[in-house]
Amino acid sequence: MTLLQIMPDDAPDTVLLRTRDEDAIAQALRERSVSFSRWPQRAEVTPQTSSEELLDAYRAEVDELCATRGRPLSAVPRHHPAGGAGWLERPPPAPSTFLDEHRHAEDEVRFFAHGTGCFYLHLDDRVYAVVCEAGDLLSVPAGTRHWFDMGPVPDFCAIRFFEKEDGWVGDFTQEPIAEGFPRLDALLREG
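The numbering scheme is per chain: residues are counted from 1 as the chain's sequence reads. A pLDDT threshold of at least 70 governs which residues receive local features in this predicted model, and a stricter bar of 80 or more applies before side-chain atom pairs are shown or counted, although totals over entire chains, interfaces and linings include all residues. Hydrogens and water molecules were not included; the side-chain quantities draw on all heavy atoms of the structure.

Some thoughts on the packing of aromatic side chains
Pairing of aromatic side chains requires ring centres within 6.5 Å, counting the rings of Phe and Tyr and the six-membered ring of Trp. Pairs whose planes differ by under 30 degrees are stacked, by over 60 edge-to-face, and all others tilted. Within the structure shown, the criterion is met by eleven aromatic pairs. Through successive ring pairs, a cluster of aromatic residues spans Trp 39, Tyr 58, Phe 111 and Phe 161. Charge-over-ring placement is defined geometrically: NZ (Lys) or CZ (Arg) within 6 Å of the ring centre, and within 35 degrees of the ring normal. A cation sits over an aromatic face here: Arg 110 above Phe 148, 5.0 Å from the ring centre.

Quick look at the pairing of strand E1 (residues 3-8)
Of all the six residues making up E1, six are buried; the element is thus mostly covered by neighbouring parts of the structure. Partly exposed describes any residue whose relative accessible area lies between the buried limit of under 20% and the exposed limit of over 50%, with all areas from a 1.4 Å probe on protein chains only and scaled to the type maximum. Only DSSP runs of H or I reaching four residues or more are called helices, and only runs of E reaching two or more are called strands; each is numbered from the N terminus. Burial along E1 is two-sided: the residues Leu 3, Gln 5 and Met 7 and Leu 4, Ile 6 and Pro 8 are all buried. Paired strands, in this sense, are two strands between which DSSP finds at least two bridges. Pairing of E1 with strand E8 (residues 126-133), which is carried by six bridges, proceeds in the antiparallel orientation. By the bridge assignment for E8, Met 7 is matched with Val 127.

Description of the pattern of salt bridges
The term salt bridge refers to a side-chain nitrogen of Lys or Arg lying within 4 Å of a carboxyl oxygen of Asp or Glu. Considering all chains together, one arrives at twelve salt bridges under this definition. A salt bridge links Glu 190 to Arg 18, with the nearest nitrogen and oxygen atoms 3.6 Å apart. Placement of the pair is Glu 190 in the segment after helix H4 (184-189) and Arg 18 in strand E2 (residues 17-19), with a sequence separation of 172 residues. For Glu 190, a relative accessible area of 46% gives the class partly exposed. With a shortest N-O distance of 3.2 Å, Arg 103 and Asp 171 are connected by a salt bridge. Residue Arg 103 is located in strand E6 (residues 102-103), and its partner Asp 171 is located in strand E12 (residues 171-172); the two are separated by 68 residues in the primary sequence. Since its relative accessible area comes to 28%, Arg 103 is described here as partly exposed. Given a relative accessible area of 40%, Asp 171 falls into the partly exposed group. Three or more residues are tied together by salt bridges with common partners; here these are Glu 22, Arg 38 and Asp 136.

Dropping the structure here:
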């Protein structure tokens, strides 16, 4: 289940809010111009599910998002510990690649079709850890400092939307802030 944990950026052990309530998560993020919603589960994603099959299963939602938000391009990043034919259409970045704080030139819009990942949003003097699971759609505004944790054994499949081929390239801040915050596995262990 989706989780939001908010912490001061200078006190990662202090929890200001921790909730799994979807309405509370959407409201807290909306107040910070971050969009969170859920799409109905339309497909069981396995290592054998092709990108085309996944996009076809969510065709109505994908087409609407592309049209209303001006996101003509989509990609299907995926990683599964057992591998499988077609699962790794592009080699995934090393799990540590996005664990450093960075930002993008355009909104980062991602729908989780399978598995789990955590976006850490550094918004002013707070860090919002958003654990996303299958069915979650998160839109992080351009320029938002953040990092992403795939977990110790990455297992997820998502649909990522972007305007330009290089729009998702990270601009790393060189700040070590991510090192002090609880990782995805720790957030999930806390219940």
